[in-house]
Amino acid sequence: MNMFPFLRRDKTAGKQKHQQPRNSFSSFIMRLPSALLALLPSSSPPLPSTTSLSLPSTTPAPLATSAPTACNGHPELCNRAYSNITQIGAHDSAFVGPLPQDNQNLDLTSQLNAGIRFLQAQTHLDALGTLSLCHTTCLEKDAGPLTTYLSTLKTWLDANPSEVLTLLLVNGDNLKASAFDTAYTTSGLKPYAYTPPKPHLALDEWPTLQDLIKANTRLIAFLDAGADTTSVPYLLDEFTYFFETPYDTTDPSFPQCTLDRPPHATADGRMYIVNHFLDVDIGGGILIPDRTALDTTNAATGKGSIGAQADLCVGLYGRGPVGVLVDFFDQGDVFTAQNRLNRLA
Ligand SMILES: *[C@@H]1O[C@H](CO)[C@@H](O)[C@H](O)[C@H]1NC(C)=O
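Here, residues in each chain are numbered from 1, in the same order as that chain's written sequence. For this predicted model, a pLDDT threshold of at least 70 governs which residues receive local features, and a threshold of 80 or more governs which side-chain atom pairs are given and counted, while totals over whole chains, interfaces and linings are taken from all residues. No hydrogens and no water enter the side-chain calculation; it runs on all heavy atoms of the structure.

Asker: Summarise the overall build of the protein chain; cite the residues concerned and give the values.
Answerer: Helix and strand assignments come from DSSP, with helices taken as H or I runs of at least 4 residues and strands as E runs of at least 2, each series counted from the N terminus. Scanning the protein chain from N- to C-terminus turns up eleven helices and twelve strands. When burial is assessed residue by residue, the protein chain has 55% of its 345 residues classed as buried. In the protein chain, the share of contacts with a sequence separation of at least 24, taken over all contacts with a separation of at least 6, comes to 72%. Using a 1.4 Å probe, accessible areas were evaluated by the Shrake-Rupley method; residue-level cover was limited to the displayed protein chains. Accessible surface, the protein chain: about 14,000 Å² in total, of which carbon and sulfur atoms supply 58%. The buried label applies to any residue whose accessible area, calculated with a 1.4 Å probe on protein chains only, is under 20% of its type's maximum; exposed applies above 50%, and partly exposed to all values in between. We call two residues contacting when some pair of their heavy atoms lies within 4.5 Å.

Asker: Break down the pattern of salt bridges for me, with residues and values.
Answerer: We define a salt bridge as a contact between a side-chain nitrogen of Lys or Arg and a carboxyl oxygen of Asp or Glu at a distance within 4 Å. Applying the stated criterion across every chain yields a total of seven salt bridges. Here R261 and E244 are joined by a salt bridge, their closest N and O atoms 2.8 Å apart. In this pair, R261 is assigned in the loop between β8 (242-244) and β9 (271-275) and E244 in strand β8, connecting sequence segments 17 residues apart. Where R340 meets D311, a salt bridge forms, and the shortest distance between an N and an O atom there is 3.3 Å. Taken together, the positions of R340 in helix α11 (residues 334-341) and D311 in helix α10 (residues 306-317) put the pair 29 residues apart, joining distant regions of the chain. A residue is classified by how much of its surface remains accessible, and R340, at 37% relative accessible area, is partly exposed.

Asker: Could you give an account of the state of the cysteines, naming the residues involved and the relevant values?
Answerer: Two cysteine sulfurs form what is called a disulfide whenever their separation falls within 2.5 Å. Summed over all chains, the structure comprises three disulfides. Note that C134 is cross-linked by a disulfide to C138, the S-S spacing being 2.1 Å. Where C134 bonds to C138 through sulfur, the torsion about that S-S bond is close to 95°, and the disulfide is right-handed. Taken in sequence order, the bonded cysteines of the protein chain link in the pattern 1-2, 3-4, 5-6.

Asker: Tell me about empty space enclosed by the protein, residues and numbers included.
Answerer: Where empty space is left in the structure can be found by rolling a water-sized probe over the atoms. Only protein atoms enter the 1 Å grid, on which a cavity is a set of points fitting a 1.4 Å probe that cannot get out and a pocket is an open set with protein on both sides within 12 Å along at least 5 of 7 lines, lining residues being those with an atom within 4 Å of a point. Grid points are joined across faces, edges and corners, and a volume is the space filled by probe spheres set on the points. One pass over the structure, following the stated rule, counts two cavities of 30 Å³ or more. Taken as a whole, the second largest cavity spans an internal volume of roughly 30 Å³. A per-class count over the lining of the second largest cavity returns three nonpolar, three polar and two charged. In the scheme used here, Gly and all other residues not listed as nonpolar or charged are polar, with Ala, Val, Leu, Ile, Met, Phe, Trp, Tyr, Cys and Pro taken as nonpolar and Asp, Glu, Lys and Arg as charged.

Asker: Lay out the layout of surface pockets in plain terms, naming residues and giving numbers.
Answerer: In this structure, the largest pocket spans a volume of roughly 270 Å³. Lining of the largest pocket is provided by 16 residues; of these, N84, R319, G320, L341 and R343 occupy positions nearest its centre. Going through the elements one at a time, α10 and α11 are the ones with two or more residues in the lining of the largest pocket. Classifying every residue of the lining of the largest pocket by side-chain character gives five nonpolar, six polar and five charged.

Asker: Explain helix α5 (residues 146-159) to me, and be specific about the residues and the numbers.
Answerer: By this rule the span expected of a helix is its residue count minus one, scaled by 1.5 Å. With 14 residues, α5 should cover 20 Å at 1.5 Å per step; its first-to-last C-alpha distance of 20 Å lies within 8% of that length. Every buried residue of α5 is accounted for by L146, Y149, L150, S151, T152, L153, K154, W156 and L157.

Asker: Describe the site of the ligand, listing the residues and the values that go with them.
Answerer: A single heavy atom is enough: if one lies within 4 Å of a molecule or strand, its residue is considered near that molecule or strand. Residues in contact with the ligand, as listed here, are S83, N84, I85, T86, R319, G320, P321 and R343. Under this definition, polar contacts are N or O atom pairs within 3.5 Å; protein pairs additionally need one hydrogen-donor-capable and one acceptor-capable atom, and for neighbouring residues in sequence, both atoms have to be side-chain atoms. Between S83 and the ligand, the recorded distance is 3.3 Å, taken from a backbone N or O atom to an oxygen atom. Any molecule with more than half of its atoms within 2 Å of a cavity's or pocket's grid points is regarded as sitting in that cavity or pocket. In a pocket analysis with a 2 Å cut-off to the grid points, the ligand is assigned to the largest pocket. Classifying every residue of the shell around the ligand gives two nonpolar, four polar and two charged.

Asker: Let's hear about the pairing of strand β1 (residues 87-90): which residues, and what values?
Answerer: Here β1 shows no split at all, with Q87 and G89 on one side and I88 and A90 on the other all buried. Here the rule is simple: two strands pair whenever DSSP picks up at least two bridges between them. As judged from the four bridges shared by β1 and strand β12 (residues 323-326), these two strands associate in the parallel manner. Counted as the bridge partner of A90 is V326 from β12. Alignment of β1 against strand β2 (residues 118-125), held across two bridges, turns out to be parallel. Within β2, the position partnered with G89 by the bridge is F118.

Set out below in C-alpha cells:
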C-alpha cells in the first residue's frame, strides 16, 4: 500500500478532494529496501557551470527598444496574443536522465536551445527545507534547488531577447507564494515576470508576444496551487487561466480531450493545457513514463499523435491548446506539431 497517500507521482492540485491517488512510482519506491534505494542516483546531471553560477543582476533587465523581427522564432507570431499561440511544453522539465522517475533526456538549457518555450516543473521542500525540484518526494528524485533552475532561465532569457517563456510550477508541498517569490528574487528572474494590468485577463486581453518582448516581461509564471496575486502579483494562478486534460494516460491513442481539472469547471474563458505524455503500468497500478511509443506519441500526425489529440481538442473547444505537455520532447516530431497548430509553414 501507499505509505504516503497524500503524495502523488505527479500533480496534485485541484484533484485531492475529488479523487483517490492512484498507485505510483513513489509508492513503489517507498516499498524498496533501503539498501536498494541507496543504489538509485538522486541527482540529475549538473547544470552548465556558466549558467548555474551566474549572479542575479540587481537592476531590472533593460527594455528592448525596437520591435523584434521574430518572436519565439517566427515573425508571424509577433502580433498574436499569448493566449492564441500553442507551445509544446516539457513535462517535468527538471527530471532529466535514464531512470523510471525521469521524464526528459535533455537538460534545461538544452531544452530551451532546442525550442521549448513552455516548462512545467514540480517542487517540494528537501530534507533541509530548501525549495527544490523533486519528483513527489526528494527521495525519489531531487534535481536541485529551484533557485538554480530559475537562474538558468534568467541567464537564457538574458541571452535570447526575443523569446517568451512560460513556467508552470507545481507547488507540491502547498507552500505560500512568498516562498516562490523568494526564489524568483534570489535568482534574478523576477524582473522578467509579466504582471497582468488587472486581476483577471479574459482570453482576448492577453498581450501579444511582441508586447511582452518590448516590455521585456518575457516570462509568464504560473503556480498550480498557492498563488496569491494580492501579495505576489506575477505568480498567476494556473487554474484561473487554464484547464487541463487528464494525466496518467496509459492509452496510446489519447482518445479524449476531456476537461479534468479544475474540478467542476467549464472551458469557457480558459486557455488549456493538454497532457500528452504516455505512461505504462509496470504492475500494481504503478505508472512510469512509456519510452517505447515516443515515435507515435510525439509525432505530429497519425493515431495517438500530438496533432490527432489536438484536433480532438479543437473540435471540442473551438480553439487550440496553449500548452501541450510531453515527455522526452527530443524524440518524435514535436516542433512540426507545434508549427502546424500555430498554422506556420
Ligand atoms: C488562435 O485563433 C485561431 C483563429 O480564431 C484559432 O483557429 C486557433 O485555434 C487559436 N489558437 C489558440 C492556441 O488559441
